[in-house]
Each structure stands twice: as structure tokens, then as C-alpha cells.
Amino acid sequence: MRAGWSYVGRRALFALITILVAISLNFVLFRLAPGDRTSALRCQGCTQEFKAQVRAEFGLDRSVPEQYLVYVKETATGNLGRSFVTQQPVLAELWKPVRNTIPMVLLGTLFAISLGLTLGVVSAWRRGTITDRTSVWSGLLLYSLPTQWLALMLIFYAAGPLGLPTSDIADPYLAYENPGWWPELVDRLQHMVLPAATIGLVLFGEYTLITRSSMLEALGEDYILTARAKGLSNWQIVRRHALRNSLLPIVTLIFLSLGFILGGAILIETVFNYPGIGLQLYESVTERDYPMLQGGFLLLTVSVILMNFLADLLYFRLDPRVTE
Amino acid sequence: MSALAVEDLHVWFDLPGGRELHAVQGIDLALEPGERLGLVGESGCGKTTAILAMMGLLPPSASVAGRVLLAGGDILAGGDRTMRPHRWTDIAMVFQGAMNAFDPVRTVGDQIAEPLERAGLAAGRAARTRTAELLELVGISGERQDRYPHEFSGGMRQRAAIAMALACEPKVLLADEPTTALDVMVQAQILELLVRLTDELGLAMVLVTHDLPLVSQACTHAAVMYAGRIAETGTTRELHHAPLHPYTRMLFEATPDLRGTDAVRSIPGAPPRLDEPTVGCPFQPRCDRAFGPCATTRPPRRTTEPGHLTHCHLEGGA
Ligand SMILES: Nc1ncnc2c1ncn2[C@@H]1O[C@H](COP(=O)(O)OP(=O)(O)OP(=O)(O)O)[C@@H](O)[C@H]1O
Ligand code: SF4
Ligand SMILES: [Mg+2]
């Protein structure tokens, strides 16, 4: 047996330490940002006394180290404070948009994985053919296009013909009709399609290119020649040997992009006015809603670290050589 | 009927810019069951290319012509279609640099059993038993079949590669420098193993190597390749004691003597480029016996004893 648990333990410890560093950085970065809650108070009658009172109320009058300790302790217990804007607990306020983002991102990623991996494999196997060239060029194109531009193009050219909504998460009038769960689900999915397709297309380009190159690398290895010599068919060679080996780098990539995507969704969600975590963070920035921002960025960081950790675990499962 | 016969085998590689490299320029070989043929020659003379061509394993940039007869039937003619059914069941290979011949993410046993399952010879439990037997045959405990390649030492991996080659009881084994990159002790063991196995199983083996003393020790026959052609082929004894081609003689002379009396001599000069046509004898610039026709006329195939062939203008031996 491999020393499996010690590996998992070490990765987990590493992840925890990284999270702590992230919390500290998060704290520091937000102290460095210009202005505080009181500078957003632009009311005519806001006297200096009133501002001081507000500052005291939020603990902004205490020393920075003190604020830091309080922050770490409260974060660890899941208390991320209250939103300046809604006065509701940050965690709950964040959860609402995250719940909208996750299915949308998953949909897009699934689309990208299934199509990108397939096309990458086919393209590597039929290297130099028309199929290969077409997929390389379309992959490069999609990968290099600006996300928001791609989103706009989808709105201009796909939304109309397909009859898809371009904004929001659900039809506001549908609820009044009380139509039952099925039409509501369909409505939700329809609102999800365009933002998900945008993410999917961008990732699809990336996945195709990377799958192709890592597949080509695997196909050039000696064990592939052995497999051919053993009389395996092309499909058996791909399925049993090339795919698993070429998947190793791709797995990491997929998990990393899943982690980053919550943050990357800012552009897409803004374009589609989709009430997810990206849009929420955008609004929180304009509102100078520090607790929400801190919570949001912490959430993004933790999701990246967590996905990284998951990628490590999966890599460990897939590659028997990983022990140290 | 020969276990393996190769007739007029040619290989060309497409090079960038529309040029061609004629890597194998018409070679003929024949092996009876139980014979071991040492295929020797300097680096780049086409040994690997020739044996890869025999199993149809060259990359798409290569074009192949000629015939490869297994038990009388040409397996080259129909491409992959006629080749695939014979792969591993009739003709198997131990690759040059067999260190990397195993897929790192699958167990060694799994990869040994793979061709058994493919050929419908054994599956499941039976395949595991057979795999254990094969590993024992090369001196590895059968329990190690569940280990991964990186858990094997270099010598063990090489043995496992041999076990894998024997899985389907092939009639012909092609071994491409199976002992390079191993230390001397392990080299000797692997070689002894190959000799014993070919004797016991009645295998015909082509052993590709640079190492002439190794051929003298282990092989019944030898073929000396030079610049994509067979310079001379015959029994090891004939080549050693009555060479017909000056290159053969010089190769043996260049080999360090076990008694250490002669100083090692190397053959000056370099082989010709294979991407340009050669006129006359390709060995002519380096030959110490070159004379009149050598520079202009391609030497014909000549034979003295049955099975002892050479391409050289000299008539009285080298
Ligand atoms: N894929 C390829 N494309 C182009 N040329 C090739 C290719 N493979 C081999 N060659 C050329 O063919 C010739 C024969 O190469 P080959 O590998 O068969 O030699 P070798 O006798 O096995 O040498 P070594 O002893 O170094 O293994 C060389 O000149 C080599 O450069
Ligand atoms: S043909 Fe002439 S040059 Fe070539 S090996 Fe024989 S003697 Fe030497
Ligand atoms: Mg070679």
C-alpha cells in the first residue's frame, strides 16, 4: 500500500495553512483600500460626531492588530459580519447568489469538459487532418476572445433565434401564475443557458487545446508503441493507455478553473444581469460594502484552495507514482 | 519453412522539404525455429527501423516495401489488417529502452495480461495465473503483478518486458538492445535468460545489438548491417572465423579481446548519409581492401556456403 493517508493529511494541512494566509491577506488588503464606510455616507447632515459614532459601532476606531484578531476569530467561527447595506449576516447574503452561480457554472463546465475533451482526443488522434485543424483554430479563437465580447455576441446572434432570455434568473411574472415546478425549472434553465454557454465556450477552447497537446504527448510515449505491438485496436489504445495518462494534467486544470470561475463569473453575470456571486460582488464594490467584499473574496479564495486540494486528491487516485 | 523470413525489405522516411531517407535498403533474413540471429551494426544503420517494420510499427512518415513472411504467409501486404492478428501472438518484441515500455498508471500484471485478453487466450483469474507464471519464468515473484512499473528496478522492468513479450507464446521474438542501460551483472543475467527461454520454447529470436562479443556468446547466426543494407550474414562461427566482408572483419578486430592481447582498434570514418543515394559500395570510403569496381558498382550479393551471404566485390574472403 502507498502511504496514502500521510499524503492526504499533508495536502489538507497545506490547504488549511493557505486559507489562514488568505484570511490575513484579505484583512490587510481591505485596510489598505481608500476610504471606509463613513466616507460613503454622503448625507448633508452627517456631522463628524455622527461619523465617529458609526465608526465606533463597527469597531473601526480600534487598533489594527485588535481588528485583525477579532476578524480571524470571528471568521473561524463562520461569522463574517453583517452587510453594511442589508444588515443581514454576510454568510447568508453570500449563499443566496452562490446558489445561483453554482448550477450555471457547472452546466458550462460540463459542456466544456464533454466537448473539449472529446474534440481534443479526436483531434490528437487525427493529427494534421481537417478535423484537427478546425478544432485547433476554433479552440484558439474561443480561448483568445474576450469573455464579455463573446457574451454580447451570444446576446446579439443566439438569444433572438433561440428565444432565450438575456437577463435575470427567472421570469418575474411566472411566479404569479403559480405554474408548478416543471415550468419553473425550465424557465430557470432557459435563463441559465446563455451565461453557461459563455463560460462553456471559453473553457471549451482551453480544454480542447490542452487535451490535444497532452494527448499528443501521451501518444508519443513508448508504452503506446508497446500497446500497438500487442495488437490493441486504436480505440483500446486511447481508452486504456493514452487517455488516462493525458488526463493527469487536465484534471488539475479543470479543478483549478472551477475554483477560479466563481470569481471569473463577474463579467459574465454583469453582462447577463444574472444574480450570482459575481454580480453580487460587483454591486458590493460599488457600495463599498466591506464585510460583503471580504466575505466574498474569502469565499473565492477558499474555493480555489479547496478545488486545488480536490485536484491533488484526484491526482493521487489517478497516478500511482504520487506518494511524496 | 522458416519461422520468419524477410525479403527485400525497404523503408523510406519522409523528411521535411520533400526529401526522403532510405533507412533500410533491401534486406533479406531468414530464421528457423530455435535460431538466434544477432543483428549488429553501428548506430543509425537501420536496425531498429528494420525490426519495427517487421511488425508494422513505424510512424506514418515511413513507407515500407518488401515481404515479411511468418510461417510462409506475408503479413506486411495488407497493412494493419493483416498485421494485427499476428502481433504478439506470433511475433512479439522487447523494445529498445524497455524501461518506458510500461504504462506508468497501470499495474505490470495488467499490462502483461492485456494481450492475453485481446487474443482471447485467457481472462480474469486465468489471466492472473498465467501472468504470475510468466513473471516466475523470468525470475520475478508472481505476487508482484499488482505493482506499478515505477516500483520495479531497471533490471526487473526489463525482465517483466520479456515476460510480457512471451505472454502469448509467440514463435518469433524481436529484441532491440534488451540489455543496454543495465549494469553488467544484470546484462549477463538477462542475456542468459533470453538464451534459455528461446532454447526451451523453441523461439526464433532476432537480437539487435552493438555488442559483437554478446552475439558470439548468445547467437547461432549473425547479420552485419551497414548503411541500411546487410553487409554479411551467416552463422556466428563463419562470420567470426571466415568473414567475407571487410566490415565484418574490422568489427571483430575492433572488439576488445578477452585475453587483452590486442589493442582495441576503431574503424576510422563515418557511415554515409542515408538521405542521399550512394554509388558503388557504401563502405568504400572506409574499406582497407577497396579496389577498382568498389567506387562505381554496387557490390552484388554473393554466397559461398548455403546461408552465408555477403555484398562485396572481393571474391576470396576479407
Ligand atoms: N521517424 C524517423 N524519421 C526520420 N528518420 C528516421 C526516423 N527513425 C529513424 N530514422 C533514421 O533512420 C536511420 C536508421 O535509424 P535506426 O533507429 O533504425 O538505427 P539503429 O541502427 O537502430 O541505431 P541505434 O543503434 O542507435 O539504435 C537513421 O539515420 C535515423 O536517423
Ligand atoms: S565492395 Fe569493395 S569497398 Fe565494399 S567492402 Fe567489398 S572490398 Fe570494400
Ligand atoms: Mg536502434
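Analysis parameters
- Residues numbered from 1 in each chain as written.
- Chains lettered and ligands numbered in written order.
- Predicted model: local features only at pLDDT ≥ 70, side-chain atom pairs only at ≥ 80, totals over all residues.
- Heavy atoms only, no water.
- Near = heavy atom within 4 Å.
- Nonpolar A, V, L, I, M, F, W, Y, C, P; charged D, E, K, R; others polar.
- Core = buried A, V, L, I, M, F, W, Y, C linked by side-chain atoms within 4.5 Å.
- Buried < 20%, exposed > 50% of the residue type's maximum accessible area, 1.4 Å probe, protein only.
- Helix = DSSP H or I, 4+ residues; strand = E, 2+ residues; numbered from the N terminus.
- Contact = heavy atoms within 4.5 Å.
- Phe/Tyr/Trp six-rings, centres within 6.5 Å; stacked < 30°, edge-to-face > 60°.
- Pairing = 2+ DSSP bridges.
- Polar contact = N/O pair within 3.5 Å; in protein donor to acceptor, adjacent residues only side chain to side chain.
- Areas by Shrake-Rupley, 256 points an atom, 1.4 Å probe, with all protein chains shown as cover.
- Donors = N, O, S within 2.8 Å, 3.2 Å for Na, K, Ca; no water.
- Buried area = accessible area lost by both parts, 1.4 Å probe.
- Salt bridge = Lys/Arg side-chain N within 4 Å of Asp/Glu carboxyl O.
- Axes fitted to C-alpha atoms, helices over the stretch in contact; angles between N-to-C directions.
- Parallel < 35°, antiparallel > 145°, perpendicular 65-115°, else oblique.
- Left-handed = near helix turned anticlockwise from the far one by under 90°.
- 1 Å grid on protein atoms, 1.4 Å probe; cavity = no way out; pocket = protein on both sides within 12 Å on 5 of 7 lines; lining within 4 Å.
- Points joined across faces, edges and corners; volume = space filled by probe spheres on them.

The next point concerns the site of ligand 2. What surrounds ligand 2 is the set H245, P246, C281, F283, Q284, C287, R289, A290, C294, C312, H313 and L314 of chain B. Of the residues that constitute the shell around ligand 2, the class distribution is eight nonpolar, three polar and one charged.

L4 and L174 of chain B are the most contacted members of the largest nonpolar core, which has 98 residues in total. Counting residues per element, this core draws most heavily on helix α5 (residues 154-165) of chain B, at seven residues. In this structure L4 of chain B touches L29, A30, L31, M54, V68, L69, L70, I91, V172, L174 and V206 of chain B, once residues within four positions along its chain are discounted. Among the nonpolar cores identified, the runner-up in size contains 29 residues, and L150, M192, A196 and L201 of chain A belong to it.

Residues and elements named next belong to chain B. The buried fraction of helix α9 (residues 246-254) amounts to eight of the nine residues, a majority that puts the element mostly inside the structure. Listed in full, the buried residues belonging to α9 are P246, Y247, T248, R249, M250, L251, F252 and A254. Structurally, α9 contributes buried residues whose contacts are with α7 (212-218), β9 (221-226), β10 (229-235) and α8 (236-241).

Residues and elements named next belong to chain A. Counting across every chain of the model gives eight aromatic pairs over all chains. On the basis of an interplanar angle of 70 degrees and a centroid distance of 5.3 Å, the ring pair of F27 and Y68 is categorised as edge-to-face. A residue pair is termed long-range when its members are at least 10 positions apart, and F27 in helix α1 (residues 4-32) and Y68 in helix α3 (residues 64-76) qualify at 41 residues. For Y68, a relative accessible area of 28% puts it in the partly exposed group. An aromatic cluster of at least three residues, connected via ring pairs, comprises F27, Y68 and Y71.

The subject of this paragraph is the pairing of strand β1 (residues 4-14) of chain B. All names here are of chain B. In this sheet, strand β4 (residues 62-70) lies alongside β1 in antiparallel orientation, the contact comprising eight bridges. Its bridge partner lying in β4, L4 is registered against L70. Note that β1 and strand β2 (residues 20-31) share nine bridges and pair antiparallel. Within β2, the residue paired with A5 across the bridge is A30. Hairpin connection between β1 and β2: a loop of five residues separates the two successive antiparallel strands, and G17 in this loop has a positive phi of roughly 85 degrees.

This next bit is on the site of ligand 1. Residues and elements named next belong to chain B. Among the 17 residues in the neighbourhood of ligand 1, the closest are listed as S43, G44, K47, T48 and T49. Between ligand 1 and the protein, one listed contact pairs an oxygen atom with a side-chain N or O atom of Q96 at 3.1 Å. Between ligand 1 and E177, the relevant distance is 3.4 Å, taken from an oxygen atom to a side-chain nitrogen or oxygen of the residue. Across the complex, the protein chains shield 69% of the 630 Å² of accessible surface that ligand 1 would expose by itself. Those elements that provide at least two residues to the shell around ligand 1 are β2 and α1 (47-54). The element contributing the most residues to the shell around ligand 1 is α1, with three residues. Grouping the amino acids of the shell around ligand 1 by side-chain chemistry returns seven nonpolar, seven polar and three charged.

To continue, consider the coordination of the magnesium ion (ligand 3). For the magnesium ion (ligand 3), the full set of protein donor atoms is T48 of chain B (OG1) and Q96 of chain B (OE1), at a range of 1.8 to 2.4 Å. Here Q96 of chain B lies in the loop between β6 (91-94) and α3 (108-118) and T48 of chain B lies in helix α1, a separation of 48 residues in the sequence.

Where interface size is quoted, it is often the accessible area lost as the parts come together. Facing the 20 residues of chain A at the interface are 26 residues of chain B. Here chain A packs against chain B, burying approximately 2,200 Å² in sum over the two surfaces, 55% of which is carbon and sulfur. Linking chain A with chain B are two salt bridges. Salt-bridge contacts for E114 of chain B lead to R240 of chain A; the nearest nitrogen and oxygen are separated by 2.7 Å. For the pair chain A and chain B, the interface holds 13 residue pairs in polar contact (both at pLDDT 80 or more). Broken down by secondary-structure element, the contributors of at least two residues to the side of chain A that touches chain B are α9 (222-229) and α10 (234-271) of chain A. A class-by-class count of the residues in the side of chain A that touches chain B yields seven nonpolar, six polar and seven charged.

Turning our eyes to something else, we now look at the sheet that holds β10 of chain B. Residues and elements named next belong to chain B. Strand order across the open sheet formed by eight strands is β6-β7-β8-β3-β9-β10-β12-β11, with mixed pairing between neighbours. With partners counted over all chains shown, the strands left at the sheet margins are β6 and β11 (301-303), one partner each. For this sheet, the mean inter-axis angle between neighbouring strands, taken without regard to orientation, is 20 degrees. Relative to strand β7 (residues 172-176), β6 runs parallel, the two sharing four bridges. Each residue of the ladder has a partner; that of I91, found in β7, is V172. Sheet contacts for α9: β9 and β10; angle to β9, the most-contacted strand, approximately 105 degrees.

All names here are of chain B. Running from N to C, α5 and helix α6 (residues 184-201) point in directions that differ by 15 degrees, and their axes come no closer than 10 Å. The orientation of α5 with respect to α6, classified from their angle, is roughly parallel. Crossing of α5 against α6: the hand is right-handed. Residue-level inspection shows G155, Q158, R159 and I162 of α5 in contact with α6, the latter providing V186, Q189, I190, L193, L194 and L197.

Let us look at the layout of surface pockets. The space that makes up the largest pocket amounts to roughly 840 Å³. If you trace the largest pocket, you find 28 residues lining it, with R228 of chain A together with L57, L58, P59 and P60 of chain B closest to the centre. Within the residue set of the lining of the largest pocket, elements represented by two or more residues are α4 (90-125), α8 (181-219), α9 and α10 of chain A together with β4 and α2 (80-83) of chain B. Of the residues assigned to the lining of the largest pocket, the class counts are 18 nonpolar, four polar and six charged.

Residues and elements named next belong to chain B. Inspection of the secondary structure puts Q284 in the loop between α9 and β11. For Q284, a relative accessible area of 27% corresponds to the partly exposed category. The spacing of Q284 and P115 is 169 residues in sequence and 46 Å in space, taken between C-alpha atoms. Excluding residues within four positions of it along the chain, Q284 makes contact with A290, C294 and A295.

Our focus in this paragraph is the side chain of S214 of chain A. Residue and element names in this part refer to chain A. With respect to the secondary-structure elements, S214 resides in helix α8. In this structure S214 comes out as buried when scored by relative accessible area, which is 10%. Here the side chain of S214 touches S246 through a polar contact of 2.7 Å, landing on its backbone oxygen. Non-local contacts of S214, meaning those with residues more than four positions away in its chain, are made with S246, P249 and I250.

Before going further, it helps to spend a moment on the pattern of salt bridges. Inspection of the entire model under this criterion finds 23 salt bridges over all chains. Put simply, E93 of chain A and K96 of chain A hold a salt bridge, and the shortest N to O gap is 3.2 Å. Of this pair, E93 of chain A and K96 of chain A both sit in helix α4, three residues apart, which is roughly one turn of that helix. A residue is classified by how much of its surface remains accessible, and K96 of chain A, at 45% relative accessible area, is partly exposed. For E169 of chain B, the salt bridge identified is with R130 of chain B, shortest N-O distance 3.8 Å.

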